[in-house]
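Here is how the chains run, residue by residue.
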Amino acid sequence: PFSVYGVFKENDCYRRIPEKTAKLISDGVLSLSTNSAGGRVRFKTDSEHISVTVKMGAVGKMPHFALTGSVGLDAYVEHEGEERYIGTFIPPFDIADGFEGTVGFSGKEMRKITIFLPTYSTVSELYIGVDSDSRLEKSDDYSISKPVVYYGSSITQGGCSSRPGNAYQSIISRRICCDFINLGFSGNAKGEPQMAEYIAGLNMSAFVYDYDHNAPTAEHLQKTHEAMFTTIRNAHPQIPI
């Protein structure tokens, strides 16, 4: 009954792009591609409690970033056609390789749940727990099922939102019920041709790119920006960019 969006399991963790592809682009992209930014799990349940046990291969602890944003998970419930915040699975300050957390409801009724994964940590395993007497069902698909693909710098990856549900793609997704893929790579989005070719191969409804903060020079941006646009446009003549 669990539908996973924005990430996929490969080898030892959930990734945003294949390891083989990331290795062709840069060491920075290879490292950050295992961060679960934009990852979501959707399902329905009438459980009055939802718990998670998350195991992490890397934990994004930073002095300028709330742990709830870089390491925490968010839970949302759909109410009258709108996804509303339930609570955050808050990691302990001394987190090493994972944690457990629980959020609760008042009353037993069937609800549509979305859990947003951490923006700057590597999720290797995720377990979701519900009450033993509860029902579990697959959630509805997104109204816009073909994802919007976002590419860019740390701003795109989710830095430094207070929690993953506050990353701008998450907000847009909830407002228009749209799937998305987050290809933000903090400090490492430089418009490489290998990245452009990978993105061009994705089945998407729109493409958003904003990597100018990672371009080392204006000349680099001038050299790569139109080239990336042309690669995407040739593969997708009709989509908004």
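Chemist: It is not clear to me how the sheet that holds strand β8 (residues 98-104) should be interpreted in this structure. Could you clarify?
Modeler: Strands belonging to one sheet form pairs held by backbone hydrogen bonds; the direction of such a pair is parallel or antiparallel. In space, the three strands of this open sheet follow the order β8-β5-β10, with antiparallel pairing throughout. Taken across any chain shown, the strands that pair with only one partner, and hence form the sheet edges, are β8 and β10 (122-130). This sheet shows a mean twist of 15° between the axes of neighbouring strands, independent of strand direction. Across eight bridges, the pairing between strand β5 (residues 49-58) and β10 is antiparallel. If you follow Lys 55 over to β10, its bridge partner there is Glu 125.

Chemist: Where do I start with the nonpolar core in this structure?
Modeler: Nonpolar side chains tend to gather and get buried jointly when the protein is soluble and globular. Of all hydrophobic cores here, the largest spans 24 residues; its most connected members are Ile 17, Tyr 151, Leu 183, Met 195, Ile 199, Phe 207 and Met 228. Elements with a minimum of two residues in this core: α1 (19-25), α2 (27-32), β12 (144-152), β13 (178-184), α6 (193-200), β14 (206-210) and α7 (218-235). Ranked by residue count, the leading element in this core is α6, at five residues. Setting aside chain neighbours within four positions, we find Met 195 in contact with Ile 17, Ile 25, Val 29, Tyr 151, Phe 185 and Met 228.

Chemist: Help me understand the pairing of strand β7 (residues 82-89) in this model?
Modeler: Across seven bridges, the pairing between strand β6 (residues 73-79) and β7 is antiparallel. Bridge pairing in β7 places Ala 75 opposite Gly 87. Where β6 folds back on β7, the antiparallel hairpin that results is connected by two residues, among which Glu 80 adopts a positive phi of roughly 55°.

Chemist: Looking at this structure, how should I read the pattern of salt bridges?
Modeler: Side chains bearing opposite charge may pair, as long as their charged atoms lie close to each other. In this structure the tally under the stated criterion is 15 salt bridges. The salt bridge involving Asp 179 is made with Arg 40; its shortest N-O contact spans 2.9 Å. In this pair, Asp 179 sits in strand β13 while Arg 40 sits in strand β4 (residues 40-45), placing the two residues 139 residues apart along the sequence. Its salt-bridge partner being Arg 135, residue Asp 46 comes within 3.4 Å of it at the nearest N-O pair. Placement of Asp 46 in the loop between β4 and β5 and of Arg 135 in the loop between β10 and β11 (136-137) is noted, with a sequence separation of 89 residues between them. The structure contains a network of salt bridges with shared partners spanning Glu 10, Asp 12, Arg 15, Glu 19 and Lys 23.

Chemist: What should I look at first to understand the environment of His 79 in this one?
Modeler: If you trace the backbone, His 79 turns up in strand β6. A relative accessible area of 37% means that His 79 is categorised as partly exposed.

Chemist: Would you take a moment to explain α7 for this structure?
Modeler: The end-to-end C-alpha separation of α7 is 26 Å, in line with the 26 Å expected for 18 residues at 1.5 Å each. Considered for burial, the residues of α7 that qualify are Thr 224, Met 228 and Ile 232. If you follow the buried residues of α7, they end up packed against β12, α6 and β14.

Chemist: Please clarify how helix α5 (residues 168-176) should be interpreted in this entry.
Modeler: It helps to recall that an α-helix has 3.6 residues per turn; residues three or four apart then point in one direction. Among the residues of α5, Gln 169, Ser 170, Ser 173 and Arg 174 are the ones counted as buried. Considered in projection along α5, the buried side chains sweep an arc of 135° and stay on one side of the axis. Positive phi appears at Cys 177, one or two residues downstream of α5, with a value of about 55°.

Reading the values: the criteria
- Residues numbered from 1 in each chain as written.
- Predicted model: local features only at pLDDT ≥ 70, side-chain atom pairs only at ≥ 80, totals over all residues.
- Heavy atoms only, no water.
- Pairing = 2+ DSSP bridges.
- Helix = DSSP H or I, 4+ residues; strand = E, 2+ residues; numbered from the N terminus.
- Axes fitted to C-alpha atoms, helices over the stretch in contact; angles between N-to-C directions.
- Core = buried A, V, L, I, M, F, W, Y, C linked by side-chain atoms within 4.5 Å.
- Buried < 20%, exposed > 50% of the residue type's maximum accessible area, 1.4 Å probe, protein only.
- Contact = heavy atoms within 4.5 Å.
- Salt bridge = Lys/Arg side-chain N within 4 Å of Asp/Glu carboxyl O.
- Expected span 1.5 Å × (residues − 1).
- Arc of directions from axis to C-beta.

So, to be careful, I would describe these as geometric facts and stop short of saying anything about function.
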